[in-house]
Every structure is written in C-alpha cells, then in structure tokens.
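Take a look at the letters that make up each chain.
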Amino acid sequence: MALAAGLFLQSHDAIAQSFDDTELSMSARRTYEPAFFADSRPATAWDMVQRVPGFQLVEPDDRRGLSGARANVLIDGRAPTSKSDTLKARLSRIVAGDVKRIEVFYAGASELDLATQTLIADVRLDHAPSRSFAATFDGDVREGGGGAHFGIEGSRRDGDFTHTASARIYTERSRAVSGLFLRIEPFATPIEGRLIETMDGQGQKLDADLLWSDPDGRSLTLGVNATADRGRSASAVRLDGAATDRERYASRYDTQGVEVTAAFVNRVSEARAFELEILQSLSDTGYDDAYRLGADSYSTDYDDRVTETTAKATVSQRVSDGLTLQAGAEGGFARLDGRSSYIDGLASIDLPAQDVSVSEWRSELFVRAKGRGGLRWRYDAGLALETATLRQRSDVRFAKTLQSLKPDLAVTYVINEHSQLSLSGARRVGQLDFSDFVTSVSLRSQLIEVGNPSLEPERRWTLDLGYNRVFWRDGALNLNLGYEWIDNPRDFVPLNGRDAPGALGGASRTYATASMTIPLDRLGVPSSTISGTLNLRRSRVTDPVTGERRELSGEVGASGSLAFRQDIPSRRINWSIDVQASSNSRSFRLREVRDYQARPSVGAQIEYQASKALKLSLRIETNTLAADNLRILYFNSRASGQIENFEQRSTQVFPILYFRVRKVFS
C-alpha cells in the first residue's frame, strides 16, 4: 500500500511539470511494440496480452445482443462478431509474429461502442503478405488419469485476402478422491465416509475466418465456429466400515453448437463509416442422470435446442477532430425448446414446465457521441431504447412486452502522460437464461428447480470510478470503485413449494477492484515482475423466505491473485509462480443453504524456447479443483430456523502436471 500511495503522489507531483501538448493529447493511449515483449518470447497474441502491464481480460458475463458480447479486447480496432468464441481462444490462434503492436486506452478514448468496458486493449496486426502454420500438443497428468489436447491453426495473407483456420480435438479422464464425507443430524451419531469422483470426456472444435479488404476502406469478415463435446462422470460415497456404497451417481452429457457470423465495414470517407454485423447460431444440449441412495433409485434427463439470429447496423460520422457521432439499430430473435423428465423408482413424476418453448423478439435503437474537450478530457455518451417481447408455450402460456431506456456516460480525465481518471455511469439490461423457463432436476445436488414463467431480464444502474497509472516502463496500477442498484436480481425464489429461478425485487452491490504490476529491475532483480489482483464485492438483498438481509446467491465476497514472473533471455527461459484464493460463496434455497469454499491454489510454470519455432511449457498446480461443500438442510423451510441435518463433501485433488509443445511453421 505504501508503494501504491507513493506512485499516486508521484503522478500528481508530475502535474506541475510542463510537457508537450502532442504527447499529452496522445497519452490517452499507451502503445506496446513487439520489442517490449521480446524477453518473454511470446508464441501467440494471447501471450502478449497477458504481459501488458496492469491489463486484465474481461470476458462478458452477460451476452445480450452483440453489444453485450463485447469483451475489452479489440483486433485491428474491431470487436469480433461472436458470442460463442472467447477472446482468449481467438487470441491464442494468432501467431505472435503477426502482431504489429498493442494499444491500451480507456473506453472514453475510443470511437467504438465500448462504454460498457473500462481499460481496452487493441491488438493491431501486421498485414504484410505472409503464411504461418502452428501445431500444439498439450495435456495434463493427474491422479487416476489425465488429458490430451491437439490443435492446429494456420493463416495466410495474400493481397486483399486473409484466411485463418484452426481445429482442436481433446480427450480427458480424471479422478478426484475426497478426504471427507460427513453428515450430522441432531441427536444422532455423525456419519463419515469417503467420496470418489471420476470424469472423462472428448470433444472437437473448428474455427475458420475469412477477411477481405480493399484500399478503399471496405472489408468483409466471415466466420464459423463449431463445437461438439460429450462425456460422463460418476461419484460414489462409501461410509467408513461399510462393504457397499451408500450412494452412487452417474451422468452423461452431449452438446453440439455452430455459429456463423458476418461483418461488413464500408468507410465511405475519412469521416464516415457504415458497419453491418449478422450472427446466426444453433446449439443442442442434452444430459441424463441416474442416482441411487440405498435401495431407492432416481433418474432424470434434459434436452434443449437454442437458436438465435441477431443483426446490427451502425453509421459513424466524424463531425470534427474532437467529436464523432454514431447511430444505429439492432434486432434479434432467440428461441429455446426444452424438455425434461424425472423418474422416482419406476414412476414418472409430473412437474410443471417440463415441456417448454420460449422465444424473444428484441429490437434496439441507439445514438452515441464521442469526443474530447481540450487536451485532457475524453467523453463517451449514449442512449438506447430496447423493446423485447417474450412468449412462452407450455402448461402456462403468456406473452408480454418490455421496454427499457438505457443511457450511459463515460468521462476520462488525462492527468498527465502517465495517469488517467475515469468516471462512468450506465443502465444495463441483462440477458435471460432461457433454460430457467424449463424445470430441471439435479440428482447430484439433490435439487429440483421449477421453470418460472414470470422471469424478466435483470436491470441495473452502475456507477464506476477508475484510476490508471503507468510507471517504471513496465509497471501499472489500476483501481476501480463502483456501486450498483439492481432491479429484478436473479436468485432463487419459492414457487409452488419448490425452488425456482426468479427475481428478488431490489438489490445493491458495492465493489472495489485493484490490479498492479511492479517491475523489479530497479530493486535488483532483472527482467522480473510481481503482479497482483484484488476483487471485493458486497451485495445486499431481502431474503424471500426469512425476510432478512443477506448477499445474493453465489456472490464471492473477496478474491485475489499474486504472481512472480522472471524472464532469462540468455537461457531462453521464462518461469513464474502464482497463488490464487477466494472467499466462500453461499446459495440460498427454500429449505437449505449451500456454502462453497474453494481452497487456495498454487502454481509454478517454466517455458523454454528450444528454437525460434519450438516452445516447451511445463506447469504444476495444487488444489486447483479442491473445495469444501457444506449443505445445511432445514425442516419445512429456512423460515423455521430448525436444522434437519448438515452434510459436508470435501474434494481433495492431488497436484496436476500440465505440459505443452508448440511448433510454428512460417
């Protein structure tokens, strides 16, 4: 903290210094050339993004429309048009040699619709003619099993065309042995035992992109993403001294999905541009569970199909050097057809909302203004009007139309060439999970979640204050403080005597995040850094069962990480050690409370650049999947305050060894 305070004061002392107006006007962006990453010998663009001081990739957790699917990383100034392909996966397919530079800036300094983000990284590619091909083999070894992954990716740039493609297959088998199964009932002898879990799976993934561009500023990007995964898992509990298992559980899953995207950009002039994005996706998900407790047996299965079509058009006009206007429209249709069943012994149990079709038509009109005031101020203001119509067909039929006005404003103040201050406020509308409309049964968790026909999207007002400071060339400090007012927060509510996903009325959340990268060269440790993150969250909502104030279900109050990394260029070696930890999270149901506590994990990694095109990596982790799960079950409901029993399941995982071999052919 003393170091952070010193850096903060140092930045404000620098305000009194005079510095060139051009440098100040450009200080809203920081640029990192390939030479900055040379000592770490990155293999992919993802390796480079991870080394940008103070930057953290934020994948969207709410993918409502194309705007809601934006992460805080751009590629050549554009956010990729995709909702299923993660930025980490996309960046991992780009060879490091194809990266020309990486620019980092606050959203308020961008001409893009990214006011939902704070710190943005733009990966700029070198478009000189080239060909590259890379193959990666990686896997892991753990107690009772392991996994193997093989992937290939290639790209070719020739004239106006750029082609990229990748394919990946994997197979996994793992086994985790717990140290404890404990069940405590009032006035009864505790029951202890051993829990054994196994899992195996396999899958394939295919990605392909085609980019065409011409000197007149027109470009067309086509993409396809296809995945297929299937697997099974099993667990058993055997009590101490028993000859047979107390309970056995088995599950199988099978998922397939395909997404096709297109994006057309026409820069009509230096001041005007038009962009059209289209997305079409289809996915099928299915699983079945079987559970036996003593002589009793249960089974369930679930299947759904989800389709989505979305299109977005945007027109941008640069009015002056300090002002850009945008206007556009987005529309989409999404539908889920889901079915579930539940069998107790040989009898089929009828539950509400077991055969459901739910759809949503959504449209949005938006305008946006971006610009700067003088040398120090950047602003980004927008207003959108969203209209959505929900329809459901099942044992309950309904249709309703919802409208939401969504303003947002982000202001950035450039303190000096090293530090910036930002303030943003926005109203967001969350994405509904259509599977919440369908009743589902989890035999492993011993839970029945009834489909809720009255669901509406979560809406929230967010106010965020951010501070960013760069120092010592490789160092950075980022601080954020925020407050959220949440309408219709997603949690669990009682419905017809069972648990159901639903809204709790109003909630609030306060959060604080900090990240810092400290280069140690000045402290006598060459080519090394220490980096850390800290995330604090506190939410408050009124419990629908007890009427008491509590946090939202699943909220992790505190989490953080600390890592030391050193590059040894003379040996072509990079090595690191890291620690990650988080506080517990609780889930509140009608009759029970579940407390989940992940154990701190420690990892160490070493990378060796055997040649210019061959890189080897080795990593070991402990407690990666280890956790303690406590279940507190009440008589009738939690409102009674009378506990029926406690049940704890602890998962202990032995150290996992990961390895990777990557070969680049160019």
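Residues numbered from 1 in each chain as written. Predicted model: local features only at pLDDT ≥ 70, side-chain atom pairs only at ≥ 80, totals over all residues. Heavy atoms only, no water.

Chemist: A description of the overall build of the protein should follow, citing residues and the corresponding values.
Modeler: Of the regular secondary structure elements, the protein holds 5 helices and 37 strands. Its C-alpha atoms give the protein principal-axis dimensions of roughly 80 × 60 × 50 Å. Split into buried and exposed, the 666 residues of the protein put 44% on the buried side. Here the analysis covers contacts within the protein between residues at least 6 apart in sequence; of these, 64% occur between residues at least 24 apart. Here the protein displays about 31600 Å² of accessible surface, and carbon together with sulfur accounts for 56% of that area. Counting 84 positive and 88 negative side-chain charges, the protein places the averaged centre of each group 2 Å from the other. (Helix = DSSP H or I, 4+ residues; strand = E, 2+ residues; numbered from the N terminus. Buried < 20%, exposed > 50% of the residue type's maximum accessible area, 1.4 Å probe, protein only. Contact = heavy atoms within 4.5 Å. Areas by Shrake-Rupley, 256 points an atom, 1.4 Å probe, with all protein chains shown as cover. Lys, Arg positive; Asp, Glu negative; His and termini not counted. Charge placed at Lys NZ, Arg CZ, Asp CG, Glu CD.)

Chemist: Please provide a residue-by-residue account of the environment of V438, values included.
Modeler: Counting through the fold element by element, V438 comes out in the loop between β19 (419-429) and β20 (440-442). Sequence separation between V438 and V450 is 12 residues, and the spatial gap between their C-alpha atoms is 6.9 Å. With sequence-adjacent residues up to four places away left out, V438 is seen in contact with Y302, L336, G338, R339, S340, A353, Q354, V356, E449 and G451.

Chemist: Explain the packing of aromatic side chains to me, and be specific about the residues and the numbers.
Modeler: Going through the model one piece at a time under the given rule, you end up with 12 aromatic pairs. Seen from their ring centres, Y483 and W485 are 4.6 Å apart, and the 70 degrees between their planes marks the pair as edge-to-face. Judged by relative accessible area, which is 44%, W485 ranks as partly exposed. Taken together, the ring pairs connect Y32, F36 and F37 into an aromatic cluster. Above the face of the F492 ring, R490 is positioned so that its terminal group lies 5.0 Å from the ring centre. Of note, R589 hangs over the ring of F492, and the distance from its end group to the ring centre comes to 3.6 Å. (Phe/Tyr/Trp six-rings, centres within 6.5 Å; stacked < 30°, edge-to-face > 60°. Lys NZ or Arg CZ within 6 Å of the ring centre and 35° of its normal.)

Chemist: Give a description of the pairing of strand β33 (residues 601-609) that names residues and reports values.
Modeler: Within a regular strand, side chains alternate between the sheet's two faces. Pairing geometry for strand β30 (residues 573-582) and β33, over 8 bridges, is antiparallel. Within β33, the residue paired with D578 across the bridge is G603. Bridge analysis of β33 against strand β34 (residues 614-622) gives 8 bridges, and the strand direction is antiparallel. Looking at β34, one finds that I606 is bridged to L618. Joining the antiparallel neighbours β33 and β34 is a turn of 4 residues. (Pairing = 2+ DSSP bridges.)

Chemist: Give a detailed account of the pairing of strand β16 (residues 355-373), specifying residues and quantitative values.
Modeler: In the sheet, strand β14 (residues 323-344) pairs with β16 via 17 bridges, with the strands oriented antiparallel. Each residue of the ladder has a partner; that of T324, found in β16, is K370. Inspection of the sheet shows β16 paired to strand β17 (residues 377-393) by 17 bridges, in the antiparallel sense. For L365, the partnering residue across the bridge sits in β17 and is L385.

Chemist: Which residues make up the nonpolar core, and what are the values?
Modeler: Ranked by size, the top nonpolar core spans 25 residues in total, and within it L91, V99, I102 and V123 carry the most contacts. Within the residue set of this core, elements represented by two or more residues are α3 (45-50), β2 (73-75), α5 (87-92), β3 (99-106) and β4 (119-125). Excluding anything up to four places from it in sequence, I102 contacts R30, T31, Y32, F37, M48, V49, V52, A121, D122 and V123. (Core = buried A, V, L, I, M, F, W, Y, C linked by side-chain atoms within 4.5 Å.)

Chemist: Now, about the pattern of salt bridges: what can you tell me, with residues and values included?
Modeler: Counted by the stated rule, this structure contains 53 salt bridges. With a closest N to O distance of 3.1 Å, D200 and R232 form a salt bridge. A residue pair is termed long-range when its members are at least 10 positions apart, and D200 in strand β9 (residues 191-213) and R232 in strand β10 (residues 218-239) qualify at 32 residues. Residue D200 is classed as buried on the basis of its relative accessible area, which comes to 15%. Note that K406 is salt-bridged to E386, the shortest N-O span being 3.1 Å. Placement of K406 in strand β18 (residues 398-416) and of E386 in strand β17 is noted, with a sequence separation of 20 residues between them. Each member of the pair, K406 as well as E386, carries the same accessibility label: buried. Overlapping salt bridges bring together R64, E330, E360, R362, E364, E386 and K406 as one network. (Salt bridge = Lys/Arg side-chain N within 4 Å of Asp/Glu carboxyl O.)

Chemist: Talk me through a nonpolar patch on the surface; I want residue IDs and the actual numbers.
Modeler: Taken together, the side chains of V141, I530, L562, W575, I577, V579, V602, I606, L618, I620 and L657 present a nonpolar region at the surface, about 850 Å² in accessible area. Looking at the nonpolar patch, the elements with two or more residues in it are β30, β33 and β34. A total of 3 residues in the nonpolar patch trace back to one element, the largest contributor, which is β30. Note that L562 resides in strand β29 (residues 558-568). (Patch = residues over 30% accessible without salt bridge, like charges linked within 9 Å, V, L, I, M, F, W, Y side chains within 5 Å.)

Chemist: Quick rundown of the environment of A353? Include the residues and the values.
Modeler: If you trace the backbone, A353 turns up in the loop between β15 (347-348) and β16. A353 has contacts with D395, F437, V438, T439 and G451, leaving out every residue within four places of it along the chain.

Chemist: Can you break down unusual backbone geometry residue by residue, with the values?
Modeler: A positive phi is found at N488, a non-glycine position, where the angle reads about 55 degrees. Note that N488 resides in the loop between β23 (475-487) and β24 (490-495). Despite not being glycine, R572 shows a phi value in the positive range, around 55 degrees. Position of R572 among the secondary structure elements: in the loop between β29 and β30.

Chemist: So what's going on with the environment of D122? Residues and values would help.
Modeler: By secondary structure assignment, the location of D122 is in strand β4. Counting along the chain gives 501 residues from D122 to N623, while the straight-line C-alpha distance between them is 34 Å. Within the structure, the side chain of D122 is placed 2.9 Å from the backbone nitrogen of G77, a separation counted as a polar contact. (Polar contact = N/O pair within 3.5 Å; in protein donor to acceptor, adjacent residues only side chain to side chain.)

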